[in-house]
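Observations on chain architecture
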Amino acid sequence: MKITREEVEHVARLARLELGPDEMERITGQLDTLLSYVAKLDEVDTTGVAVTTCTGVASNGFREDVVTPSLLRESALAGAPQHNGEFFVVPRILT
Amino acid sequence: MDLFTLTLSEAKAMLDRGECTSVQLTKSVLARIDAVEERVNSFITLRGEDALAQAARADKARQQGRAGALCGLPLAIKDVLCTSTMPTTCGSRILEHFLPPYDATVIEKLQDEGAVLLGKLAMDEFAMGSTSENCAFGTPHNPWRLGYVAGGSSGGSAACVAADECLASLGSDTGGSIRQPASLCGIVGMKPTYGRVSRYGLVAFASSLDQVGPMTKDVRDCALLMNVISGHDRRDATSSPNPVPDFTAALLNGLKGLRVGVPAEYFGAGLDPEVERVVRGALRMLADGGAEIIEVSLPHTEYCVAVYYLIAPAEASSNLARYDGVRYGYRDMQASSLLDMYRRSRSAGFGGEVKKRILIGTYALSAGYYDAYYKKASQVRTLIREDFDRAFASCDLIASPVTPTPAWPIGDKGDDPLALYLSDILTISANLAGIPGMSVPAGFSREGLPIGLQLQAAHFNEEILLRAAWNLEQRAGIRGRRPELS
């Protein structure tokens, strides 16, 4: 086994996901299959090989530090499930 | 003649000559949608009345001499691109009622050129899938055989064009999501070079791999749309400042002097004999036209799927953390604490495939596993990129199949996680290397299913792809062949 049910439960907690018992069972199996497959990367000698994280523009895009219009507050709040006209409203953080 | 059958360039010519109006053209397309959409199921959101209002405005602009490059031409958009006038669901319950507060840059560009936007198209949830079966709002069917997949993740975009429900569409491609459905539905699809087209307003899946691209009825239309959507955007730091050529100019050149590399690794076990027959036939057509066919090697091809299914989920697990029920999207209102709200909202809002990929990605990035999985994959990604660098030292483009098989029945690859992932093996590498790739119709299987030829070139060499694809299109003799929708 490449991954145990306990490990999947841990990762699900990190990812803020809850899985039902059946879903947990199914996904653990699928993750195990996938991780067994990707182990084939161990065949490749990558000693001293640099990582590629992005293939495009490698430099920062600079602009003048001037104020430009940005998203209006009412637009930013328009899609919120709950707001008070000024802020996003969420359930209590500390319980 | 039915106006809905026209390509962009044909319709544009008729509009320019005053032989039809955009309102007539749009009405024809809407009537076509009315007649076939029940069978094709390509739209998530359809806005017929609004499209007619846009068409009337386009006709007026044309009368006043203000006709843009796409003035009055009806297009449809993969539901992964933000539109401030239409919901943008990404095929997910979590964004079911999401109306973005702004338009994607590519949407602005289409509108600036006068395009008529019909609606938003079906896709695998958050573009994760190869069949569009992961769409929360229904699966599009392949117009060439109903009950068969249109491919994915831009399956709605491909089916819509193939069924003449729009003149052209936009898709997005993270591991083949434009090229694969284009091939399965017999249309033209291009994934541009990473950075060629702005990703601003493209809902992020895997940010180092995602690109927006055209899905069209022919190669000329692909070039036409590339002219409109390409270019630097200050709102996307990864968009390239490279100058944008007139892509339609590339269509004037023949094949003489073109060196076409054929990688043996793309013709391995699992390749359907019908696909191989059609692709080899297309290679002969390129050779007959004067292209030189040479062998090239991409030795790390067999590792592409493993690299992709670590890197793409890793990036996705980070990108999809934003769906937290706070600022937009679905929230479980019963939750008693913030953490509970995150968990309940995400668990109810995301479908199974998306949850699975978030978990893979979170795992691959988590403490103790980062070096073994994410870092290792990113190193092999370098080797894959270098394979292409070496190959392009001896050839101008690489030709291959797009997919190992033609389309298959909906539901056929069910719950086998690897079978479907492995079907992406021929398209993934272009995203990992950041190079442009396209699918152009090359022929049909004996059963009458379309088969595309994949062309790949070095960074920012889309013109070479278009030139080869256009010449193949002239020679293949299948342009204009239409599905019967049965």
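Just so it is clear, the model here is predicted, and its values are computed rather than measured. (Residues numbered from 1 in each chain as written. Chains lettered and ligands numbered in written order. Predicted model: local features only at pLDDT ≥ 70, side-chain atom pairs only at ≥ 80, totals over all residues.)

**Thoughts on the overall build of chain B**
Under the convention used in this document: Strands here mean DSSP runs of E at least two residues long; helices mean DSSP runs of H or I at least four residues long; both are numbered from the N terminus. Any residue with 12 or fewer other C-beta atoms within 10 Å of its own C-beta is exposed, any with 20 or more is buried, and the rest are partly exposed; the C-beta atoms used are placed from the backbone. Contact between two residues is assigned when their C-beta atoms, built from the backbone, lie within 7 Å.
Scanning chain B for helices and strands turns up 15 helices and 13 strands. Projecting the C-alpha coordinates of chain B onto the three principal axes gives extents of approximately 65 × 55 × 45 Å. The proportion of buried residues among the 486 residues of chain B is 63%. Put simply, of all contacts in chain B between residues at least 6 apart along the chain, 76% involve residues at least 24 apart.

**Some points on the overall build of chain A**
For the record, the criterion: All radius of gyration figures rest on C-alpha atoms, and the globule criterion is 2.2 Å times the number of residues raised to 0.38.
Helix and strand counts for chain A come out as three helices and zero strands. Helices and strands appear in chain A in the N-to-C order α-α-α. Computed over its C-alpha atoms, the radius of gyration of chain A comes to 23 Å, more than 25% above the 12 Å expected for a compact globule of 95 residues. Projected onto its principal axes, the C-alpha coordinates of chain A cover approximately 50 × 45 × 20 Å. Burial statistics for chain A: of 95 residues in total, 17% are counted as buried.

**Considerations on helix α3 (residues 48–63) of chain B**
Residues and elements named next belong to chain B. So the rule is basically this: Expected helix span is given by 1.5 Å per residue-to-residue step, counting one fewer step than there are residues. Arc, as used here, means the arc of the directions from the helix axis to the C-beta atoms.
Helix length check: α3, at 16 residues, gives a terminal C-alpha distance of 23 Å against a target of 22 Å (1.5 Å per residue), a fit within 8%. Of all the positions in α3, only Ala-51, Gln-54, Ala-55, Ala-58 and Asp-59 are classed as buried. Buried residues of α3, seen end-on, are gathered within an arc of 145° and therefore sit on one face of the element. The exposed residues of α3 that point more than 90 degrees off its buried face are Glu-49, Lys-60 and Gln-63. The inward-facing, buried residues of α3 abut α2 (22–40), β2 (74–78) and β3 (116–121). Looking one or two places after α3, you find Gly-65, whose phi comes out positive at around 75°.

**So, the packing of helix α9 (residues 304–319) of chain B against helix α12 (residues 371–391) of chain B**
To describe two helices that pack against each other, one gives the angle between their axes and the distance between the axes. Residues and elements named next belong to chain B. Put simply, the test is: Orientation is described by lines fitted to C-alpha atoms, with helices fitted over the stretch in contact, and by angles between N-to-C directions that extend from 0 to 180 degrees. Here is the rule for angles: anything less than 35 degrees is roughly parallel, anything more than 145 is roughly antiparallel, 65 through 115 is roughly perpendicular, and the remaining ranges are oblique. In this scheme, a crossing is called left-handed if the near helix is turned counterclockwise away from the far one by less than a right angle; it is called right-handed if the turn is clockwise.
In contact at an axis separation of 9 Å, α9 and α12 are set at 125° when each is read in the N-to-C sense. Considering the angle they form, α9 stands oblique to α12. For the element pair α9 and α12, the recorded crossing hand is left-handed. Taking contact as the criterion, the partners of Cys-304, Val-307, Leu-310, Ile-311 and Ala-314 in α9 are, on α12, Tyr-373, Tyr-374, Ala-377, Ser-378, Val-380, Arg-381 and Ile-384.

**Looking at the nonpolar core**
Stated formally: In these notes, a nonpolar core means any group of buried Ala, Val, Leu, Ile, Met, Phe, Trp, Tyr and Cys residues linked to one another through C-beta atoms within 7 Å.
If you look at the biggest cluster of nonpolar residues, it comprises 170 residues, and the most contacted ones within it are Leu75(B), Val307(B), Leu310(B) and Ala469(B). Here this core gets 11 residues from one element, more than from any other, and that element is α9(B). Every residue in contact with Leu310(B), bar those within four places of it in the chain, is listed here: Val38(A), Ala364(B), Tyr373(B), Tyr374(B) and Ala377(B).

**Quick word on the environment of Asn242(B)**
Residue and element names in this part refer to chain B. Position of Asn-242 among the secondary structure elements: in the loop between α7 (219–229) and β9 (259–263). By C-beta crowding, Asn-242 is classed as partly exposed, having 15 other C-beta atoms within 10 Å. As a C-alpha pair, Asn-242 and Tyr-309 span 67 residues in sequence and 30 Å in three-dimensional space.

**Some remarks on the environment of Phe460(B)**
Residues and elements named next belong to chain B. Within the secondary structure, Phe-460 is located in the loop between β13 (450–457) and α15 (462–476). Since 21 C-beta atoms lie within 10 Å of it, Phe-460 is described here as buried. Considering only alpha carbons, one finds Phe-460 and Leu-420, 40 residues apart in sequence, at a separation of 30 Å. Beyond its immediate sequence surroundings of up to four residues, Phe-460 is in contact with Thr-193, Arg-196 and Asn-242.

**With respect to the environment of Ser297(B)**
Residue and element names in this part refer to chain B. Among the structural elements, Ser-297 can be located in the loop between β10 (292–296) and α9. As for Ser-297 and Gly-261, which are separated by 36 residues in sequence, their C-alpha atoms are 8.6 Å apart. What Ser-297 contacts, discounting residues up to four positions off in sequence, is Pro-263, Ala-264 and Glu-265.

**What about the interface of chain B and chain A?**
Note the cut-off: Here the term charged refers only to Asp, Glu, Lys and Arg, the term nonpolar to Ala, Val, Leu, Ile, Met, Phe, Trp, Tyr, Cys and Pro, and the term polar to all other amino acids, Gly among them.
In this assembly, 51 residues from chain B lie in contact with 43 residues from chain A. Elements with a contribution of two residues or more to the side of chain B that touches chain A: α9, α10 (338–349), α11 (352–365), α12 and α13 (417–422) of chain B. A total of 10 residues in the side of chain B that touches chain A trace back to one element, the largest contributor, which is α12(B). Looking at the side of chain B that touches chain A residue by residue, the class counts come to 25 nonpolar, 15 polar and 11 charged.

**A short note on the sheet that holds β13(B)**
All names here are of chain B. Rules: Any two strands between which DSSP finds at least two bridges are classified as paired.
Ordered in space as β1-β3-β2-β6-β8-β7-β12-β13-β11-β9-β10, the 11 strands form an open sheet in which the pairing is mixed. The sheet is open, and its two borders are formed by β1 (43–46) and β10, each paired with just one other strand. Along the sheet, successive strands turn relative to each other by an average axial angle of 30°, direction set aside. In the sheet, strand β7 (residues 188–191) pairs with strand β8 (residues 211–216) via two bridges, with the strands oriented antiparallel. By the bridge assignment, Gly-189 is partnered in β8 with Met-215. On top of the sheet, α7 reaches β6 (168–173), β7, β8 and β12 (437–444); it is set at about 145° to β8, its chief contact.

**Some remarks on α15(B)**
Residue and element names in this part refer to chain B. Compared with an ideal rise of 1.5 Å per residue, which puts 15 residues at 21 Å, α15 spans 21 Å between its outermost C-alpha atoms and is within 8% of the ideal. Counting buried residues along α15, 12 of its 15 residues qualify, which places the element largely inside the surrounding structure. Turning to α15, its buried residues number three or more, namely Glu-462, Glu-463, Ile-464, Leu-465, Leu-466, Arg-467, Ala-468, Ala-469, Trp-470, Asn-471, Leu-472 and Glu-473. Summarising the contacts, the buried residues of α15 are in contact with β7, α7, α8 (273–288), β11 (397–401), β12 and β13. Among the residues trailing α15, Gly-477 stands out with phi positive, at a value near 70°.

**Things to note about unusual backbone geometry**
With an omega dihedral of 10°, the bond running from Gly152(B) to Ser153(B) counts as a cis peptide bond. By the element assignment, Ser153(B) lies in the loop between β5 (145–149) and α5 (155–162).

**Description of the confidence of the model for chain B**
Caution applies to low-pLDDT parts of the model: their predicted coordinates are not meant to be read in detail. Using the following cut-off: Confidence of the prediction at every residue is given by pLDDT, a number between 0 and 100.
Overall, the predicted model of chain B reaches an average pLDDT of 96, with 100% of residues at or above 70. On the interface metric, ipTM, the complex scores 0.96, and its pTM is 0.97.

**Remarks on the packing of α8(B) against α15(B)**
Residue and element names in this part refer to chain B. Between α8 and α15, the shortest axis-to-axis distance is 10 Å and the interhelical angle comes to 105°. As the angle between them shows, α8 and α15 are arranged roughly perpendicular. Taken together, the residues of α15 that come into contact with α8 (itself represented by Ala-282, Met-285 and Leu-286) are Ala-468, Leu-472, Arg-475 and Ala-476.

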